[in-house]
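# Observations on the model geometry
For reference, the chains in residue letters:
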Amino acid sequence: MSPANLNESSDSDVGSLNFEETKLTLGLPGVECRGTAAESGGKSGVKRGFSNTIDLNLRSSSSGGDKRCGGENDVLGSAKPPAAKTQMVGWPPVRASRKNVMRSCKYVKVAVDGAPYLRKVDLEMYNSYQQLLGALEDMFSCFTIRNYLNERRIMDQVNGVEYVATYEDKDGDWMLVGDVPWKMFVEICKRLRLMKSSEAIGLEFILQEHLPRTQVQVEEEDICEGVTVAVQRLLVSFNLVPLV
Amino acid sequence: MRQDLVLEQMSEDDDRSQPSDLRSSSSSINKTRNCSGSISASGSSTSASSSSSASSIPLSIPVTEYQSPYPDQVLENVLENVLCFLTSRHDRNAASLVCKSWWRAEALTRSELFIGNCYAVSPVRAMGRFSRVRAVVLKGKPRFADFNLMPPDWGAHFTPWVSSMTRAYPWLEKVCLKRMSVSDNDLALLAKSFLGFKELMLVCCDGFGTSGLSFIASKCRQLRVLDLIESEVSDDEVDWISSFPEGESCLESLIFDCVECAINFEALEKLVARSPSLKKLRLNRYVSIVQLYRLMIRAPQLTHLGTGSFSPSEVMAQGDSEPDYVFAFATCKSLVCLSGFREITPDYLPAIYPVCANLTSLNFSYANITAEQLKPCHKKLPQTSNLLGLQAVAATCKELRELRVFPVEAQEDIEGPVSEVGLQAISEGCRKLQSILYFCQRMTNAAVIAMSENCPDLEVFRLCIMGRHRPDHVTGEPMDEGFGAIVRNCKKLTRLAVSGLLTDRAFSYIGKYGKLVRTLSVAFAGDSDMGLKYVLQGCPRLQKLEIRDSPFGDAALHSGLHHYYNMRFLWMSSCRLTPQGCQQIARAMPNLVVELIRYGSLENQEKLDDVETLYMYRSLEGPRDDVPEFVTILRADG
């Protein structure tokens, strides 16, 4: 009944865990297990019993009774990390107040050229550039996002002035929003500025230049990835002909 | 500082655990020595032969009555005058065991009453013995309640205590509660009953709201300390800050960083302005950095500052010049403790540089910043706690005594940045470390062994490898040897929390070497009953034992019978206990309260042949009378 056999397992890598079969919820402890494993109830008799981190390689359902009811041993597959692993109640032992805060927030100031006020946004609230720009559009409600194929431009429809979203990274450089993967962006962004396109001429050129190359039938995110990589490289060299 | 002393005591355990009441209340009165002869003050003794030893306090006297020519009162007065210098409750407990006279004198001179488990003794009994108390420290729920392992409304109500105190202690000045359920009515009663009330500290408490705080603020005219630490405060939409009376206040400490609702900033600013003695101020996250600035320049004498959000408010005018935050920090020359940073906008961080060199405590655990951003701070910090960038910490914080590293995302399956590398670095750089709480995703025995060898002053070692049953990720072995080294090499170790893949061997080490361990926390560990047996039989100082999800059963439980009266409590949840096994314990130990806590509905009760949670503790009062329906107390005669 011991987890001693765990010694043989590989280092309990993320990839080996998949609790999707267990159907446990985050409710109060002791919620009835609705799993299918034969060994639940009775013998091991532990309702909120041991979690089973037995590596999927072990497979066999007879490997100790120390499983949470549920057939996680049945689940195999790639080593891809599970999307949402079932969490045990009260584990890790971190107080609720701290857990709430740990949702972490990444506040940055947003300035818009010509607008009289700054706003503050929590980058952690968004999962993609699209969401962020949508939120900015709401905040500075005179703007709409122009939907080019993969545009990052923001248009003030009233004045006909175009804005480009830029950000200051941790090195103090001003970059075009969208040039790095989203998660990296959240980490390195210190503040945002919606810059008038006329001021961002060099950056805008880059966008225009690459439009033709990105007209392919792929997900927008992938387009952005392709563009961002390219933009990164381009920004390094400055011998570019300005856009007519 | 008084407060710090109490907070220390909050986590300390009783060294001398035997409740003296257990002895004297039984039929042992005949055997008690009576140093001072007859009880009455008049002193009826006239025998000449006994006068010689009256000048010294007779300690080694025969059991028979001793007649002294001097009035007992003199002796008792001497005792009282000496005993009032004893502040440590452990020393006082020892003194009270000497003889009846000392017991009485000690009882009359004890001014701080510490109750480690509010159910171990009744208010009436405690207050009957100690009649001149000015400060009460009360602890309620066991620690695992913090992690949702206990249903709400389990108990630990403050109400019976405060009611008794209003009668017994009209001159009460200070109350500290930890993990108690406190209602607004309790606070109202407290506020109006004690004219000289000075200090209220509520740590990990719940059940009250801003209306309760308002009573305290408005009625306690002598209030010096109002500390709300990690408590849950409900938002009754009462402006409690405005409830503080006008005129100069004697506030020295105002801590409300855990309060999750907005406060009236104008009122707070005025309050700070009229509190010249204010030394500790910890703001909640609803205070913006601009507001913080305004407070800081009004209170340059602050020593402890919780910075609130450390972020601008949602909307701010562009073009407005921002206040000079560096200036504000530079003005607060006495700052030694910094915390908060709840919603930090990183570009404000440099503002704290002026005070870094003097900081002894730094809490960044609520801040979402990277190690990169913290680098410039490190060089200036003599001691820190709760920092990221562990290698930098190790390199610069040579005086570090306490470190706590929390997970940014408290989930198991996320690969995090904290590992054995950080622990190893800390152990090499911070040789004076006394206390460490370290959450990580993976660990190695080597790093833990290194810490045991490099940090001999360790008293508290709490390692939480968040993945359950994780072995040493390099060798694949259990973490037995690492923890074994900790108990073997750290001779001052009193508190230990273990994690990762552990076999019974780890527990054999703890039982063999952990002779000073008072608090032990176990989760998802061990192979068999032997594990728990090792600990119960090997650790004579064990006071608080909390275990979850480990394969220990009735036999193991039974092996601790000799020790349970010496402990404050034992918690075992999701282990292998049966109601019958627990019943045996209850039968064998009548002064133990054996609670079985269940979570399912009542109908399922019969179907369970296992125990979900056992919580047992010694008590002079027998089963409590405020038991909720999900708790069953096993009777000795059951």
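Looking at an unreviewed UniProt entry, one finds chain B named Transport inhibitor response 1-like protein and attributed to Xanthoceras sorbifolium.

Going by what an unreviewed UniProt entry lists, chain A is known as Auxin-responsive protein and is assigned to Xanthoceras sorbifolium. Taken directly from UniProt, the Function (unreviewed entry) text for chain A runs: "Aux/IAA proteins are short-lived transcriptional factors that function as repressors of early auxin response genes at low auxin concentrations." According to UniProt, the comment filed for chain A under the heading Sequence similarities (unreviewed entry) is "Belongs to the Aux/IAA family."

Glancing now at the pattern of salt bridges. This model, assessed by the stated rule, comprises 30 salt bridges over all chains. Between E260 of chain B and R285 of chain B there is a salt bridge, with its nearest N and O atoms 2.8 Å apart. Of this pair, E260 of chain B sits in the loop between β8 (253-255) and α10 (265-273) while R285 of chain B sits in the loop between β9 (280-283) and α11 (289-298), and the two are 25 residues apart along the sequence. For R285 of chain B, a relative accessible area of 27% puts it in the partly exposed group. One connected set of salt bridges, linked through shared partners, spans R95 of chain A together with D146, R179 and E230 of chain B.

Residue P92 of chain A follows W91 of chain A across a cis peptide bond; omega there is -10°. Along the chain, P92 of chain A falls in the segment before α1 (96-102). Of note in this structure, F341 of chain B is not a glycine but carries a positive phi near 55°. Inspection of the secondary structure assignment puts F341 of chain B in the loop between β12 (337-339) and α13 (353-356). Although it is not a glycine, H469 of chain B sits at a positive phi angle of roughly 60°. Tracing the backbone through its elements, the reader meets H469 of chain B in the loop between β16 (460-465) and α18 (480-489).

We now examine the nonpolar core. All names here are of chain B. F158 and L254 are the most contacted members of the largest nonpolar core, which totals 103 residues. When sequence neighbours within four positions are dropped, the list of residues in contact with L254 reads L226, D227, W240, F244, L268, L271, L278, K280, L281 and R282. Residues L403, A447, L496 and L634 belong to the second largest nonpolar core, which totals 69 residues.

Under the local residue numbering, the UniProt record ascribes the feature "domain: Transport inhibitor response" (unreviewed entry) to residues 132-177 of chain B. End-to-end, the C-alpha atoms of residues 132-177 of chain B are 19 Å apart, and along that stretch the chain is 22% helix and 20% strand.

Our next topic: the packing of helix α8 (residues 184-193) of chain B against helix α9 (residues 210-219) of chain B. All names here are of chain B. Two numbers describe how α8 lies on α9: the axes approach to 8 Å, and their chain directions differ by 5°. Between α8 and α9, the interaxial angle falls into the category roughly parallel. Packed against α8, whose contacting residues are D184, L187, A188, L190, A191 and K192, the element α9 presents S211, G212, L213, F215, I216 and K219 at the interface. When grouped by side-chain class, the residues that make up the contact of α8 with α9 number 7 nonpolar, 2 polar and 3 charged.

Thresholds applied
Residues numbered from 1 in each chain as written. Chains lettered and ligands numbered in written order. Predicted model: local features only at pLDDT ≥ 70, side-chain atom pairs only at ≥ 80, totals over all residues. Heavy atoms only, no water. UniProt positions renumbered as here; feature names shortened; annotations may be inferred. Salt bridge = Lys/Arg side-chain N within 4 Å of Asp/Glu carboxyl O. Helix = DSSP H or I, 4+ residues; strand = E, 2+ residues; numbered from the N terminus. Buried < 20%, exposed > 50% of the residue type's maximum accessible area, 1.4 Å probe, protein only. Core = buried A, V, L, I, M, F, W, Y, C linked by side-chain atoms within 4.5 Å. Contact = heavy atoms within 4.5 Å. Axes fitted to C-alpha atoms, helices over the stretch in contact; angles between N-to-C directions. Parallel < 35°, antiparallel > 145°, perpendicular 65-115°, else oblique. Nonpolar A, V, L, I, M, F, W, Y, C, P; charged D, E, K, R; others polar.

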